[in-house]
Number of protein chains: 2
Amino acid sequence: MSSTKTAKIHDVVFSCRGTAVGKMRNDLTVKMVKPWPETHVMATDEGKYLGGEGTAPPPLALFVASLVGCIMTQIRSSAKRWTFTLKDLTVEAIVKWEAHQSENDSYEAMPKGFRLDIDIDSDAPFEDVEKLLEVARKSCFIEQTLGCTNTIQHRLRNDAGEWVIK
Amino acid sequence: MSSTKTAKIHDVVFSCRGTAVGKMRNDLTVKMVKPWPETHVMATDEGKYLGGEGTAPPPLALFVASLVGCIMTQIRSSAKRWTFTLKDLTVEAIVKWEAHQSENDSYEAMPKGFRLDIDIDSDAPFEDVEKLLEVARKSCFIEQTLGCTNTIQHRLRNDAGEWVIK
């Protein structure tokens with residue numbers, strides 16, 4: 001990959017508007033802005049142990065699904081581009097976090113491990129399957145995002161209605 | 001937060017099994033393993049431009065929803081613990097990536113920016129709202145995961161059925 005020149009840069013942009021409803025449910029309108037418009041109406045909730053009503057999956061379930069779904073999509077897309085015959089594909093994931101609860105009852109979350117077990121059923125030589133995974137990992141938006149340190153900019157609306165950068 | 005001692009560590013563990021169906025759809029069974037068992041049946045798909053059938057949101061829509069849903073959940077949970085009166089909460093997000101396409105038609109994905117605009121409606125002083133956001137950010141599993149460099153371990157099943165660490 002590193003030996004090839006970049007021919008084109010494609011922007012991929014999403015927006016999301018979340019509103020708080022119910023006890024812990026968040027209604028989320030997710031829009032793909034680029035490369036073409038799409039809208040997806042989604043929601044998160046929590047189970048009763050966290051004060052929710054279980055009307056939708058918790059945010060972490062969506063996160064884990066996005067990680068597995070993205071690498072699977074990239075494996076399938078890369079296979080098509082190579083005319084690589086993919087007979088079947090199954091991925092099993094384990095994702096671990098820890099929540100360090102302090103004496104004041106607040107806590108800090110931290111990731112503790114990600115593992116993906118990938119089973120690609122194909123007649124191709126194993127070396128080609130390994131190469132397919134390598135290419136798919138580089139094009140997986142979620143894996144590439146998790147593999148670097150990201151800064152999330154926060155703006156908080158103050159009493160005068162102005163956005164304050166945090 | 002850093003001045004308080006850690007009283008307890010809670011494990012949070014998710015598993016996921018993804019199977020490839022349809023043209024680009026991935027059926028995903030996401031299980032919360034710890035702290036208590038929950039199962040969520042989910043799916044991803046792609047639109048027709050990427051060879052899919054649009055039967056479910058794309059993986060990146062789930063990812064963006066998880067980011068917004070997680071910080072909203074943490075703001076609401078933290079507000080409850082403090083008996084902080086939250087009258088309303090709205091979050092707007094913009095998430096940007098670039099896909100650098102090479103001459104050989106493969107591409108590399110990279111994150112280009114995350115912004116969350118947070119509107120907390122409360123009678124509390126703005127300083128308390130700022131403090132609430134600060135605490136919520138530390139307890140947001142997704143924000144804390146994105147804020148560090150994560151290694152994803154991959155295992156690929158070879159022709160003999162053995163798992164090979166990649």
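How each quantity is defined
- Residues numbered from 1 in each chain as written.
- Chains lettered and ligands numbered in written order.
- Predicted model: local features only at pLDDT ≥ 70, side-chain atom pairs only at ≥ 80, totals over all residues.
- Helix = DSSP H or I, 4+ residues; strand = E, 2+ residues; numbered from the N terminus.
- Rg over C-alpha atoms; globule rule 2.2 N^0.38 Å.
- Buried ≥ 20, exposed ≤ 12 C-beta atoms within 10 Å, placed from the backbone.
- Contact = placed C-beta atoms within 7 Å.
- Domains from an automatic or database assignment.
- Nonpolar A, V, L, I, M, F, W, Y, C, P; charged D, E, K, R; others polar.
- Pairing = 2+ DSSP bridges.

Considering the overall build of chain A
Moving on, step 1. Scanning chain A from N- to C-terminus turns up 3 helices and 7 strands.
Moving on, step 2. Here chain A has a C-alpha radius of gyration of 20 Å; the compact-globule value for 166 residues is 15 Å, and the former is much larger.
Moving on, step 3. Looking at chain A as a whole, 40% of its 166 residues are labelled buried.
Moving on, step 4. A fraction of 38% describes how many contacts in chain A between residues 6 or more apart in sequence connect residues 24 or more apart.

Considerations on the domain arrangement of chain A
Moving on, step 1. For chain A, the assigned domains read domain 1 (8-56) and domain 2 (58-165).
Moving on, step 2. A straight line from the C-alpha centre of domain 1 of chain A to that of domain 2 of chain A covers 17 Å.

Re the interface of chain B and chain A
Moving on, step 1. Each side of the interface is counted separately: chain B has 108 residues, and chain A has 108 residues.
Moving on, step 2. It is helix α1 (residues 59-81) of chain B that contributes the most residues to the side of chain B that touches chain A, 17 residues altogether.
Moving on, step 3. In terms of residue class, the side of chain B that touches chain A is built from 52 nonpolar, 30 polar and 26 charged.
Moving on, step 4. In this sheet, strand β6 (residues 152-157) of chain B lies alongside strand β5 (residues 107-121) of chain A in parallel orientation, the contact comprising 5 bridges. Bridge pairing in β6(B) places Phe114(A) opposite Ile152(B).

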